[in-house]
Amino acid sequence: MAKLSDIIQWCDHTLKAQEFKDYAPNGLQIEGKAEINKILCAVTASQQAIDAAIAQGADLLLVHHGYFWKGEAYPITGMRGKRIKSLIQHDISLVGYHLPLDSHPTLGNNAAIADILELKNIEALDPSERHPIGNIGYLKTPMSPESFKALLTQRLGFNTIHLAADKTSIQKIGFCTGGAQDFIHKAASQNCDAYLSGEVSERTFYEAQELNVHYYACGHHATERYGVQRLAQALSAEFGIESVYFELNNPI
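All of the points below concern the structure found in this document. Throughout this document, residue positions are counted from 1 along each chain, in the order its sequence is written. Selection of residues for local features in this predicted model requires a pLDDT of at least 70, selection of side-chain atom pairs for listing and counting requires 80 or more, and totals for whole chains, interfaces and linings are taken over all residues. Note that the side-chain values use all heavy atoms of the structure and ignore hydrogens as well as water.

### Examining the packing of helix α5 (residues 109-117) against helix α6 (residues 145-156)
Okay, so step 1: With axes taken as lines fitted to C-alpha atoms, and helix axes fitted only over the stretch in contact, angles between N-to-C directions fall between 0 and 180 degrees. The secondary structure listing takes helices from DSSP runs of H or I that are at least 4 residues long and strands from runs of E that are at least 2 residues long, numbered from the N terminus. Relative to each other, α5 and α6 sit at 115 degrees, their axes nearing to 10 Å. Here α5 is positioned roughly perpendicular relative to α6, judged by the angle of their axes. Note on packing geometry: the crossing formed by α5 with α6 is right-handed. Two secondary-structure elements touch here, α5 through Ile 113, Ile 116 and Leu 117 and α6 through Phe 148, Leu 151, Leu 152, Arg 155 and Leu 156.
Okay, so step 2: Each residue gets one label: Ala, Val, Leu, Ile, Met, Phe, Trp, Tyr, Cys and Pro are nonpolar, Asp, Glu, Lys and Arg are charged, and the others, such as Gly, are polar. Considered class by class, the residues forming the contact of α5 with α6 number 7 nonpolar, no polar and 1 charged. Should an angle fall under 35 degrees it is called roughly parallel, over 145 degrees roughly antiparallel, and 65 to 115 degrees roughly perpendicular, with every other angle called oblique. Whether a crossing is left-handed or right-handed is set by the direction in which the near helix is turned from the far one by less than a right angle, anticlockwise for left-handed and clockwise for right-handed. Residue contacts are defined here by distance: any two heavy atoms, one from each residue, within 4.5 Å place the two residues in contact.

### Overview of the pattern of salt bridges
Okay, so step 1: Between Lys or Arg on one side and Asp or Glu on the other, a salt bridge is scored when a side-chain nitrogen of the former is within 4 Å of a carboxyl oxygen of the latter. Tallied over the entire structure, the rule returns 11 salt bridges.
Okay, so step 2: Across the salt bridge formed by Asp 193 and Lys 167, the nearest N and O atoms sit 3.6 Å from each other. Here the residue Asp 193 occupies a position in the loop between α7 (184-189) and β11 (194-197), and Lys 167 occupies one in the loop between β9 (161-163) and β10 (170-175), the gap between them amounting to 26 residues.
Okay, so step 3: Measuring nitrogen to oxygen at the nearest pair gives 2.8 Å for the salt bridge that ties Asp 182 to Arg 203. One end of the pair, Asp 182, is in the loop between β10 and α7; the other, Arg 203, is in helix α8 (residues 202-211), with 21 residues separating them in the sequence.
Okay, so step 4: Relative accessible area decides the class of each residue, using a 1.4 Å probe on protein chains only: under 20% of the type maximum gives buried, over 50% gives exposed, and in between gives partly exposed. Given the relative accessible area of 37%, Asp 182 is considered partly exposed.
Okay, so step 5: Linked by salt bridges that have partners in common, Asp 126, Glu 129 and Lys 186 make up one network.

### Regarding the packing of helix α1 (residues 4-15) against helix α10 (residues 227-239)
Okay, so step 1: Where α1 meets α10, the axes come as close as 11 Å, and the angle between the chain directions of the two elements is 125 degrees. For the element pair α1 / α10, the angle class is oblique. When you trace α1 past α10, the crossing you get is right-handed. Of the residues in α10, those in contact with Asp 6, Ile 7, Trp 10, Cys 11 and Leu 15 of α1 are Leu 231, Ala 234, Leu 235, Glu 238 and Phe 239.

### Points about the sheet that holds strand β4 (residues 38-44)
Okay, so step 1: Taking strand neighbours across the sheet as the criterion, the 5 strands line up as β2-β6-β5-β4-β13 in an open arrangement whose pairing is mixed. Looking at which strands have only one partner, the edges of the open sheet turn out to be β2 (27-30) and β13 (242-245). Averaged over neighbouring strand pairs, the angle between their axes works out to 30 degrees when direction is ignored.
Okay, so step 2: Two strands are counted as paired when DSSP detects at least two bridges linking them. As paired elements, β4 and strand β5 (residues 60-65) share 5 bridges and run parallel to each other. Its bridge partner being in β5, Ala 42 is matched across the sheet by Val 63.

### Here's the deal with the sheet that holds β9
Okay, so step 1: An order of β7-β8-β10-β11-β12-β9 is seen for the 6 strands of this open sheet, with the pairing classed as mixed. At either end of the open sheet lies a strand with only one pairing partner, and these are β7 (120-124) and β9. Within the sheet, the average angular offset between the axes of one strand and its neighbour, ignoring direction, is 25 degrees.
Okay, so step 2: With 3 bridges joining them, β10 and β11 adopt parallel strand pairing. Looking at the pairing, Gly 174 lines up with Tyr 195 of β11.

### Here's the deal with the side chain of Gln 181
Okay, so step 1: If you trace the backbone, Gln 181 turns up in the loop between β10 and α7.
Okay, so step 2: Residue classification places Gln 181 among the buried positions, given a relative accessible area of 8%.
Okay, so step 3: For Gln 181, the side chain forms a polar contact with the side chain of Ser 201, separated by 2.7 Å. Polar contacts here mean pairs of N or O atoms no more than 3.5 Å apart (in protein, one a potential hydrogen donor and the other a potential acceptor; neighbouring residues in sequence count only if both atoms are side-chain atoms).

### A look at the packing of aromatic side chains
Okay, so step 1: Stacked, tilted and edge-to-face pairs are distinguished by plane angle, under 30 degrees for stacked and over 60 for edge-to-face with tilted covering the rest, among Phe, Tyr and Trp rings (Trp via its six-membered ring) whose centres lie within 6.5 Å. In the structure shown here, the tally under the stated rule is 5 aromatic pairs.
Okay, so step 2: Consider the rings of Tyr 67 and Phe 68, whose centres lie 6.2 Å apart with planes at 85 degrees: the pair is edge-to-face.
Okay, so step 3: Assessed through its relative accessible area of 31%, Phe 68 is described here as partly exposed.
Okay, so step 4: Ring centres of Phe 148 and Tyr 216 lie 5.1 Å apart, and the angle between their planes is 85 degrees; on these two criteria the pair is classed as edge-to-face. Residue Phe 148 is found in helix α6, and its partner Tyr 216 is found in strand β12 (residues 214-217); the two are separated by 68 residues along the sequence. Neither residue differs from the other here; Phe 148 and Tyr 216 are each classed as buried.
Okay, so step 5: It is Lys 186 that lies over the ring of Phe 183; its NZ or CZ is 4.3 Å from the centre. Whether a charge sits over a ring depends on NZ of Lys or CZ of Arg being within 6 Å of the ring centre and within 35 degrees of the ring normal.

In structure tokens, the structure reads:
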């Protein structure tokens, strides 16, 4: 058993949450019981994830995509109202970390992608950022664009979309998980051979060609399922509490 306040303090400190300008509040978003025995983690605080937390007796739902995003309407009604009501009725805390959990050098989504793809010599995609939310890594051996697509599809479990450029060999790769397709310009400025993210836009097709950077869309969900798992496992080790992961295989 661990105190909720201690868990939040540890996460905030470890992820340096206060040092990020983000699109939603990081940390505790909905407060439940003060003592935590079990954490359920998921990519997004969907109703399915909440129902799983209830069914499995979790005290805390840990997510990458929580609530209260900038630009959202204030009234807690409809779908969002139902979700929040479910959490409050079952005294379950909602804890979400967005950019801090993309950026963290060992627990983050980008760090996980680098490990999964066995990328080496990791550096910042944007050197001006204090806590880079995108990175650059290098394949040990150059690959053809087609072989790299096959590797991504196999390792990430997502039918990767490849927008081709003219380069015939790939070794230097820029990457940022989730909806960061527009960072392809940063990858081009750093002379990357390829750039991968989660989503893709119509304009990206032309940008990949004109910037001469291969673009790989590997799934928003598929690229961001790792950070919450690593953070939950770290909390289990730190506080001696149980954690489980809920997978809802979102095809986006």
